[in-house]
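What follows is each chain in one-letter form.
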Amino acid sequence: MIDDLTRQVKASMGIFESREEDDVYGLLAEFSNPSTLMHAAESVRERGYSHFDTHSPFPIHGMDRAMGLGNSKVGYFTFGGGLTGLIVGYWLQWWTAAVDYPLNISGKPLFAIEPSIPIIFEVVVLFSAFGAVAGMFALNGLPRPYHPLFYSERFKKATDDGFFLHIAASDTQFDQNDTAQMLRDIGALNVELIQDDGVADA
Amino acid sequence: MANQEHAHSTATEHKDLSALAADGSYDASPPLVTGNLAFDDITEMVSKHAEKKKTPLMWWILFGIGLAGSLMLFALLAYKIWNGVGVWGNNQPVGWGWPIVNFVWWVGIGHAGTLISAILFLFRQQWRTAINRSAEAMTIFAVMCAGIFPAVHVGRIWVVYWMFPVPNQMEMWPQFKSPLMWDVFAVSSYFTVSLLFWYVGLVPDLATLRDRAKTFWRKRVLGFLALGWTGANRHWRNYEKSYLILAALATPLVLSVHSVVSFDFATSVIPGWHTTIFPPYFVAGAIFSGFAMVLTLLIIARVAYNLENIITINHLEKMNIIILVTGTLVGFAYITEFFIAWYSGVEYEQYAFLNRAFGPYAWAYWIMMACNLITPQLFWFKKIRRSIPAMFTLSIIVNIGMWYERFVITVTSLHRDFLPSSWGYYAGTWVDVLTFIGTMGFFLTLFLLFLRFAPMVAMAEVKAVLPEADPHHYEEGDGHGTGADVAFIQPAQETESSPDTDPDDAPPPPDAS
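The structure presented is a predicted model; accordingly, all values stated were derived computationally and were not measured.

On the chain B side, the residues contacting the 80 residues of chain A number 71 residues. Between chain A and chain B, roughly 6,500 Å² of surface is buried when both sides are summed, and carbon and sulfur atoms account for 64% of that area. B:R234 is paired through a salt bridge with A:D53; the nearest N and O atoms lie 3.7 Å apart. Viewed at the interface, chain B and chain A are joined by 24 residue pairs in polar contact (both at pLDDT 80 or more). If you list the elements that add at least two residues to the side of chain A that touches chain B, you get α1 (2-12), α2 (34-46), β2 (52-55), α3 (63-67), α4 (74-100) and α5 (117-140) of chain A. The greatest single-element share of the side of chain A that touches chain B, amounting to 16 residues, is contributed by α5(A). Here the side of chain A that touches chain B is built from residues that sort into 42 nonpolar, 23 polar and 15 charged.

The next point concerns the pairing of strand β1 (residues 24-31) of chain A. All names here are of chain A. Most of β1 is tucked away, with eight of its eight residues classed as buried. Relative to strand β4 (residues 190-195), β1 is paired through six bridges, and the arrangement is antiparallel. Directly across from A29, in β4, lies its bridge partner V191. Examined bridge by bridge, β1 and strand β3 (residues 163-168) share six bridges and lie antiparallel to one another. Among the inter-strand pairings, G26 is bridged to a residue of β3, identified as A168.

Close approach of charged atoms allows side chains of opposite charge to pair. What the rule picks out here adds up to 11 salt bridges over all chains. With its nearest N and O atoms 3.1 Å apart, the salt bridge here joins B:R385 to B:E317. Here B:E317 lies in helix α10 (residues 313-344) and B:R385 lies in helix α13 (residues 382-385), a separation of 68 residues in the sequence. Judged by relative accessible area, B:E317 falls into the buried class, the value being 8%. Residue B:R386 pairs with B:E317 through a salt bridge whose shortest N-O separation is 2.4 Å. Of this pair, B:R386 sits in the loop between α13 and α14 (388-414) while B:E317 sits in helix α10; the two residues are 69 residues apart in sequence, bridging distant segments of the chain. Through salt bridges with shared partners, a single network forms among A:E30, A:R154, A:K157 and A:E192.

Here we take up unusual backbone geometry. Note: most residues except glycine have negative phi, and most peptide bonds are trans. Cis geometry marks the peptide bond from A:L142 to A:P143, where omega comes out at 0°. Tracing the backbone shows A:P143 in the loop between α5 and β3. Backbone torsion omega between B:Q92 and B:P93 reads 0°, so that peptide bond is classified as cis. Mapping B:P93 onto the fold places it in the loop between α3 (57-83) and α4 (98-122). Although it is not a glycine, A:S106 sits at a positive phi angle of roughly 50°. Mapped onto the elements of the fold, A:S106 is located in the loop between α4 and α5. With a phi angle near 55°, B:E171 is a residue other than glycine that sits in the positive phi range.

Here we come to the packing of α4(B) against helix α9 (residues 278-304) of chain B. All names here are of chain B. Where α4 meets α9, the closest approach of the two axes is 7 Å, and the angle between their N-to-C directions is 80°. Taken together, α4 and α9 sit at an angle that is classed as roughly perpendicular. Contacts between α4 and α9 pair V104, W105, W106, G108, I109, H111, A112, L115 and I116 from the former with F282, A286, I287, S289, G290, F291, M293 and V294 from the latter.

Time to look at the confidence of the model for chain B. Residues and elements named next belong to chain B. Put simply, chain B has an average pLDDT of 81, and 85% of its residues get 70 or more. Residue range residues 1-28 is modelled with pLDDT below 50. Its contacts to residues more than four positions away, or to other chains, number four contacts. Across residues 477-513, where pLDDT falls below 50, the model places 44 contacts with residues more than four positions away in sequence or in other chains. Across the interfaces of the predicted complex, the ipTM metric reaches 0.90, alongside a pTM of 0.84.

Okay, the sheet that holds β1(A) next. Residue and element names in this part refer to chain A. Strand order in the open sheet formed by four strands is β2-β3-β1-β4, with antiparallel pairing between adjacent strands. Where the open sheet ends on each side, the last strands, each with one partner, are β2 and β4. Pairwise comparison of adjacent strand axes, ignoring direction, gives a mean angle of 20° for this sheet. In the packing of helix α6 (residues 176-185) onto the sheet, the strands contacted are β1, β3 and β4, and the crossing angle to β1 comes to about 10°.

The subject of this paragraph is the side chain of A:T179. Along the chain, the position of A:T179 falls in helix α6. Residue contacts for A:T179: discarding those within four places in its chain leaves A:L27, A:Y49, A:I167, A:Q173 and A:F174.

A word on α6(A). Residue and element names in this part refer to chain A. Residues of α6 that are buried: T179, A180, M182 and L183. The arc enclosing the buried residues of α6, seen along the axis, measures out at 160°, which places them on a common side. Looking at α6, the residues exposed on the side facing more than 90 degrees away from the buried face are N177 and D178. Close packing links the buried residues of α6 with β1, α2, β3 and β4. Immediately downstream of α6, the backbone of G187 shows phi near 105°, a positive value.

The rules we used
- Residues numbered from 1 in each chain as written.
- Chains lettered and ligands numbered in written order.
- Predicted model: local features only at pLDDT ≥ 70, side-chain atom pairs only at ≥ 80, totals over all residues.
- Heavy atoms only, no water.
- Contact = heavy atoms within 4.5 Å.
- Buried area = accessible area lost by both parts, 1.4 Å probe.
- Salt bridge = Lys/Arg side-chain N within 4 Å of Asp/Glu carboxyl O.
- Polar contact = N/O pair within 3.5 Å; in protein donor to acceptor, adjacent residues only side chain to side chain.
- Helix = DSSP H or I, 4+ residues; strand = E, 2+ residues; numbered from the N terminus.
- Nonpolar A, V, L, I, M, F, W, Y, C, P; charged D, E, K, R; others polar.
- Buried < 20%, exposed > 50% of the residue type's maximum accessible area, 1.4 Å probe, protein only.
- Pairing = 2+ DSSP bridges.
- Axes fitted to C-alpha atoms, helices over the stretch in contact; angles between N-to-C directions.
- Parallel < 35°, antiparallel > 145°, perpendicular 65-115°, else oblique.
- pLDDT = per-residue confidence, 0-100.
- Arc of directions from axis to C-beta.

What follows is the structure, given as structure tokens:
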């Protein structure tokens, strides 16, 4: 149950497990351009695959819908960060001025909200930004310097001008031959089998 | 009858336009990237400068100059810390002289980077992709230069941590009601958020460099910095959202930072400072000077690195328009200040402004007016907006003018205070002048290191604005109005049998499996 949940969360980050018996990590198919890649992603999803991902040098407009991904959850992390910032910024100024070291200056209130606004604002922005960046990396499962797809020489193009679709072996529908044939049918330029024993070697 | 005619003419017009669009003779906007570059060309053009083994001689010459400036800066800072603030020209009543002028000047320059990376992003100004990386780098380095001045100006720099809420043996805390404390929080938050924004933007490009790396150390260092980025769409999805949120956070942040900087002045009771127009006026001035600095740097960099097809003349022209707009805003603020001084009926306020324009510092005031309000008006002419030598000269003039603006605001307001017996004429010392020049050397050093080792153009973002990056580009015709483009991104669960799918575009029917 917990294992299953972990697997699902990891899959949402694009982290998939290899098949235990033969270390097969998945199939990597290259497509010619963003359009064909998007068609491919859509038909792969329509065939019921869920453990797959596309890799491109830039975000492709419409790919989230083609892959059936919902809205990103980074916003919640940002909100959490902002809320923390609000509490910290307020508490810091109130506690230091009114509790820890109260200074009576002409009988003025020890703490007032008005002059505290600028610092509260800056701290809210700072913590929200931490939330947005940390949340993004957490949801993406980064940093992850070791990645099985790096075994493919061709995959180096994914950050240059290559458009790839990867179907993981952990998908319930995955079949080495049938899936490869299906990828060729939907227009893959080439299909590679990626194996990963989980041990990094140089 | 009239209605029918109208409908008829609209229909014809529509048809004409679509016919024009279809054969490519009608194009509403010029291309963002010229020279028909492919994705790989962009990778190559940008990465090769960060990868080449041989550093150009010119780089070494400039780096030598920058390094000499940096060394001078650090020597003078040591000299100042050893001897105290007295080595500068500051004295009562001009307690704030060159250091604060330099601080505001540098922070203001930094703001253009955030404007380009965040505000133009929110406004979907896609032309920003060519220049945002270098503008953000400029922001970070400018804020570093800015931060030096207040840090050293506190006098006893070894207790500079008193500015931060650090528990200490005196059990005392900073005075959070002081605008100077607000400034500490604003500038340090700004620096941190700018750095995060810059790094997040860099990750996909560092991955590009990583995948091109040939040597042992390049592979490892870039592999570390790129965090294992693979360009996965599951990652792009969160990445884009996070980038959008950062832009949305940086936008109010940058406005708040220069507003808070202006509060340093505006919350005082000094005539000439105590004005409510300061926050918007300072923000406009910051954007104005920052764009001028971006222009100065990019005009040189695009030629030196052959990036004319990515940073095109159209980009430069757009920046010139922003300089024209913000320069006019700033000029308008100068005039408003004068009007309000007269209209307020407060004689101190009136004297401060008359003294500013016609007193002992009239020379500085008129340099400011000439550089910030008058000369940028030349950008009304398209020829000048598109002439490299003209815009380079004007960008330098704006930078000079904006330094003088801060000088005029700071010094003319202070040098004749409420007590005429302390009136005097302030001038910076040689230490003031050389420290300021030293920060320019420091900035040049950092910027050259950036140009040499980092991808200076956001490759992933430039690729994404190419027409080939749009999946619709590969459709027939212009990709709009054929009906086919609507169907193929339609998720399966919404249209079970998708009857309106064009048979050519539809994926082959699923196998019997």
